[in-house]
Amino acid sequence: MQVTAQQIADLLKGKIEGNPQTIIRRPARIEEAQEGDICFIAHPKYEHYAHTTNASVLLVSHEFQANGGKRPTLIRVADVRGSVVMLLEKFGHQIQQNEGVDQQASIHKSATLAANVSVGAFSFIAEGVEIGENTTVYPQVFIGKGVKIGKDVKLYPGVRIYANCVIGDGTIIHSNAVIGSDGFGFAPTGNGTFRKVPQIGNVILGKEVEVGANTVIDRATMGSTVLEDGVKLDNLIQIAHNVEIGENTVIAAQAGIAGSTKMGKNCMIGGQAGFVGHITVADGSKVQAQSGVARSLKKPNVAWHGSPAFNYADFMRSQVVFKNLPDLAKKVHELEKQLKELKG
Amino acid sequence: MQVTAQQIADLLKGKIEGNPQTIIRRPARIEEAQEGDICFIAHPKYEHYAHTTNASVLLVSHEFQANGGKRPTLIRVADVRGSVVMLLEKFGHQIQQNEGVDQQASIHKSATLAANVSVGAFSFIAEGVEIGENTTVYPQVFIGKGVKIGKDVKLYPGVRIYANCVIGDGTIIHSNAVIGSDGFGFAPTGNGTFRKVPQIGNVILGKEVEVGANTVIDRATMGSTVLEDGVKLDNLIQIAHNVEIGENTVIAAQAGIAGSTKMGKNCMIGGQAGFVGHITVADGSKVQAQSGVARSLKKPNVAWHGSPAFNYADFMRSQVVFKNLPDLAKKVHELEKQLKELKG
Amino acid sequence: MQVTAQQIADLLKGKIEGNPQTIIRRPARIEEAQEGDICFIAHPKYEHYAHTTNASVLLVSHEFQANGGKRPTLIRVADVRGSVVMLLEKFGHQIQQNEGVDQQASIHKSATLAANVSVGAFSFIAEGVEIGENTTVYPQVFIGKGVKIGKDVKLYPGVRIYANCVIGDGTIIHSNAVIGSDGFGFAPTGNGTFRKVPQIGNVILGKEVEVGANTVIDRATMGSTVLEDGVKLDNLIQIAHNVEIGENTVIAAQAGIAGSTKMGKNCMIGGQAGFVGHITVADGSKVQAQSGVARSLKKPNVAWHGSPAFNYADFMRSQVVFKNLPDLAKKVHELEKQLKELKG
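Residues numbered from 1 in each chain as written. Chains lettered and ligands numbered in written order. Predicted model: local features only at pLDDT ≥ 70, side-chain atom pairs only at ≥ 80, totals over all residues. Heavy atoms only, no water.

Draft legend 1. Region of the structure containing the interface of chain A and chain B. Counting residues at the interface gives 74 residues for chain A, matched by 60 residues for chain B. Both faces combined, the contact of chain A with chain B buries some 5,200 Å², and carbon together with sulfur accounts for 64% of it. The largest contributions to the chain A side of the interface with chain B come from Arg160(A), Phe184(A) and Met222(A), which together make up 13% of the buried area. Between the two partners, chain A and chain B, sit three salt bridges. (Contact = heavy atoms within 4.5 Å. Buried area = accessible area lost by both parts, 1.4 Å probe. Salt bridge = Lys/Arg side-chain N within 4 Å of Asp/Glu carboxyl O.)

Draft legend 2. Seen up close, the packing of helix 4 (residues 325-343) of chain A against helix 3 (residues 312-323) of chain C. Orientation of helix 4 of chain A relative to helix 3 of chain C, taken along the N-to-C sense of each, is 55 degrees, at an axis distance of 8 Å. As judged from the angle between their axes, helix 4 of chain A and helix 3 of chain C are oblique. Where helix 4 of chain A abuts helix 3 of chain C, its residues Leu325(A), Pro326(A) and Ala329(A) lie against Arg317(C), Ser318(C), Val321(C) and Phe322(C). The residue makeup of the contact of helix 4 of chain A with helix 3 of chain C, split by class, is five nonpolar, one polar and one charged. (Axes fitted to C-alpha atoms, helices over the stretch in contact; angles between N-to-C directions. Helix = DSSP H or I, 4+ residues; strand = E, 2+ residues; numbered from the N terminus. Parallel < 35°, antiparallel > 145°, perpendicular 65-115°, else oblique. Nonpolar A, V, L, I, M, F, W, Y, C, P; charged D, E, K, R; others polar.)

Draft legend 3. Region of interest: the packing of aromatic side chains. For the structure shown, the criterion picks out 30 aromatic pairs over all chains. Consider the rings of Phe122(A) and Phe122(C), whose centres lie 5.6 Å apart with planes at 70 degrees: the pair is edge-to-face. Separated into two different chains, Phe122(A) in the loop between strand 10 (118-119) and strand 11 (124-125) and Phe122(C) in the loop between strand 10 (118-119) and strand 11 (124-125) make up a pair that spans both. This pair shows no difference in class: Phe122(A) is buried, exactly as Phe122(C) is. Centre to centre, the rings of Phe184(B) and Phe186(B) are 5.1 Å apart; their planes meet at 80 degrees, and the pair counts as edge-to-face. A relative accessible area of 21% means that Phe184(B) is categorised as partly exposed. (Phe/Tyr/Trp six-rings, centres within 6.5 Å; stacked < 30°, edge-to-face > 60°. Buried < 20%, exposed > 50% of the residue type's maximum accessible area, 1.4 Å probe, protein only.)

Draft legend 4. Region of the structure containing the sheet that holds strand 10 of chain C. Residues and elements named next belong to chain C. Reading across from one edge, 10-13-16-19-24-27-30-33-36-38-39 is the order of the 11 strands in this open sheet, with mixed pairing throughout. The open sheet has two edge strands, strand 10 and strand 39 (309-311), and neither has a second partner. Bridge count between strand 10 and strand 13 (residues 136-137): two bridges; the pairing is parallel. The residue bridging Ser118 from the neighbouring strand is Thr136, located in strand 13. Sheet contacts for helix 3: strand 38 (303-306) and strand 39; angle to strand 39, the most-contacted strand, approximately 105 degrees. (Pairing = 2+ DSSP bridges.)

Draft legend 5. How the structure looks around the side chain of Arg160(A). Relative to the elements of secondary structure, Arg160(A) occurs in strand 17 (residues 160-161). The charged side chain of Arg160(A) is buried without a salt bridge, its nearest counter-charge being Asp218(A) at 13 Å. Reaching out from Arg160(A), the side chain makes a polar contact with the backbone oxygen of Gln140(A) at a distance of 3.2 Å. A polar contact is formed between the side chain of Arg160(A) and the side chain of Asn176(B), at a distance of 2.9 Å. Look past the residues within four positions of Arg160(A) in its chain and what remains in contact with it is Gln140(A), Phe142(A), Ala177(A), Val178(A), Ile179(A), Gln140(B), Pro157(B), Gly158(B), Arg160(B), Ser175(B), Asn176(B) and Arg160(C). (Lys, Arg positive; Asp, Glu negative; His and termini not counted. Polar contact = N/O pair within 3.5 Å; in protein donor to acceptor, adjacent residues only side chain to side chain.)

Draft legend 6. Seen up close, the sheet that holds strand 23 (residues 202-205) of chain B. Residue and element names in this part refer to chain B. Pairing within the open sheet is parallel, and its nine strands lie in the order 9-12-15-18-23-26-29-32-35. Edge positions in the sheet fall to strand 9 (112-113) and strand 35 (280-281), since each has one partner strand and no second. The pairing of strand 18 (residues 166-167) with strand 23 spans two bridges and is parallel. Looking across to strand 23, one finds that Ile167 is bridged to Leu205.

Draft legend 7. View of the interface of chain A and chain C. The interface is formed by 62 residues belonging to chain A together with 74 residues belonging to chain C. Taken together, the two surfaces of chain A and chain C that pack against each other cover about 5,300 Å², and 64% of this comes from carbon and sulfur. Here chain A and chain C share three salt bridges between them. Taken together, chain A and chain C are joined by 25 residue pairs in polar contact (both at pLDDT 80 or more). Broken down by secondary-structure element, the contributors of at least two residues to the side of chain A that touches chain C are helix 2 (80-92), strand 27 (232-233), strand 30 (250-251), helix 3 (312-323) and helix 4 of chain A. No other element matches helix 4 of chain A, which puts 10 residues into the side of chain A that touches chain C.

Draft legend 8. View of the domain arrangement of chain A. Along its sequence, chain A is carved into domain 1 (3-96) and domain 2 (159-308). For domain 1 of chain A and domain 2 of chain A, the distance between their C-alpha centroids amounts to 39 Å. (Domains from an automatic or database assignment.)

Draft legend 9. Molecular detail of the relation of the copies chain A and chain B. Superposing chain A onto chain B takes a rotation of 120 degrees combined with a translation of 0.0 Å along the rotation axis, leaving an RMSD of 0.0 Å. What the superposition gives is, in effect, a three-fold axis relating one chain to the other. (Least-squares fit on C-alpha atoms with pLDDT ≥ 70 in both.)

Have a look at this one:
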């Protein structure tokens, strides 16, 4: 892909300083840019690169001071970060794949595919499935009986969706994620063994949800495991049966949420954090990476840390003392000795 | 699926109060029930729903007091929880899939499939594989050379079983789980690089084992990685090479067990817990979520917590103090000052 | 597979004591060996097995003292552990699979496959892919547009490689691992929702890298996520966008590294350890299992522990006091009381 600085400036409603005919081949990070690259400066600590970079074009703010050294062509915009997203969207289209319905897909005759749906080779679409327009099913995807998929959805290779789940418009599910596997439910029989509790519910994903690679969302025992609109899950996350997650909550990789926990909206959950089951987590909760939440978090917009987790600031203060615990123990021992002397 | 209250009462050997012809369409949670739903009350805290629910039928104990308000039809049974499992089994059958051997499966001519085995599209069954009767291989499964699979097994889409592994009767493996991948073994060469230690053993899963989605069980270097009968693994769990797990041990999501560790039977392991390699874990051990077990746990039926883990009750007592460590440090500082004054 | 002790001795340049015609069927662990097995003794604590084992052949050092009891045939070698690796390599070949290009693979006409490449059934190879000689693509693998794969590579069933990634010679990727999925990048819109930041970079894996089952390596936003030669990743690991890992670093299962973190070479990372984004980790760092690294580790060859992590030895000292915190708190309380009495 090859465009001119002028074309990009038009796209971003930006102002050019330099040669509008400069050729751009790809966006790049300024630390490693080569000729043909367009880079951006959105933070003062990167400004020093401006005059040494080999980039052909720099995306900068109206306020950026271009002093000395080499001078790549500049495109000045009001919102650098927002413009970068637009730029990446433009260049990102080229790695997409949409090639109609492959001959080597297996699609049940009762399934209904809307206009402009693509289905890759070796994908399996079961009885009664419905898929909305412009949805891309990459190769090697499994879609179980009665699943309903909205429009503009992307299902990457190896995604598995068990029977009866529902996927909202604009949702993206990355490779090898599993949606609707059985919840982990077993009834003790009294002799040490367990009897499987059948899991007959489903999973409902809202609109514009993103699910990372190898993440698992279990179906409900009864009813639904629900992720509201705009929830973003990173890779390798565990969402257990009957969990509910409020809109626009963002969860980092390898976090896990146990059964029936209800998480609010706009939460930020760090990587490898864990939540026990049957609790509620207030809107806007911020849980640090590796924290373990063992009880309901009732106050909204509070930050938590530790395992078991408590107030973030309190945790950090305790942690400071923890690092010097041997000193503290020594002091106490010393005090005991002195006091004994004093009394003796 | 549609049944009458009478049919369900017959199935559960229950006693009807109300209309035996009431139509039931699905089991549901009482908080969200609609007409046509059958719900259950197995705990006093849910009893208040009994008179406001829209459910058509309630499954309750013989002792349940049905006072006031609306009156759904009741089915009284001796064991509510056990009856719910039976009910879910009845309704669960409808989401199963068993459609014979698909034309688009790849099955080596030397593989032997017993009666009533189903194999889905795009599944691959290698040389010398043996599969017992009534086993369901969903689409897109990989079964490597010489693998032996018992009867009544379910392998969900995307399961991968490497060569020579053995899967016991009645075992269920969920989507994208991997059985028999290489253990993580490398020999240092002396110049900083590592040489791969080939992993030529296998994995043996007993009967009635369940393996969650995206869980990985590595093959042994030599010999076998073994899960005894009735072991239940949740999603995204790591079982390393040469691990052995005793019967009916239950492990929650994202836990990990390092190489050659031998875990006893009837253990309960919390989510995200970790175990170092080459240790033994006594029967009936209970390890809390996120705990890190760094040495052998020799006494059976003990609960453990923390990272590194120690006795659960002791951990909780230490944790109470940890939360107030800044206060403790302040007190010690204050004591030092006072003592200095006293001495000076 | 069946060989004689003499054949193995020749392979390992070893010296036989006993019958050179002894038949060997497989390598086994000495604790569970049967007739036809070859076992090894590389540590004094296993020497007692030497005279009770049913193994037919023992691999031992030149110094090993063979006293009393039963006498299996011995093969004496200079380096027992190194010889075991060679032995396993010999027996490991039999479980490999290489059967040419399967009729049921989907290979784009523009893809180029070098000599002796095998591609299994239901694998999908997209436009412009290049694959080097002797590479094995097992069944059900996905290789996206423009991916470049070196020679002697093994891609196990269910591996997914998104567009434009690069895989070096001799690299092994286990089942259901995902290479090149989108990094977790979202720009806040100001109204609580997020806008996806397209991820247009790629992943570059060096030579002799190993990637465990169900591990995920995200593509860079721009530029590349890079694993240098000889990096070994266990199962279920998360490598976020733009991470860089230096050569011969070894990472145990379920560890996670957040975006843009640069890890040095020859590091040893324990299982379930986590690293925040945008930090550097010095060469030779040793991070204990479950540790959480929250800031750059600048000094090379240091061991770290805890969450947040600090110096390993310091952590262990603090941990000793932590286990007895209730005692310490009691002592402080007692001191307060005594001091009060003294002053009063």
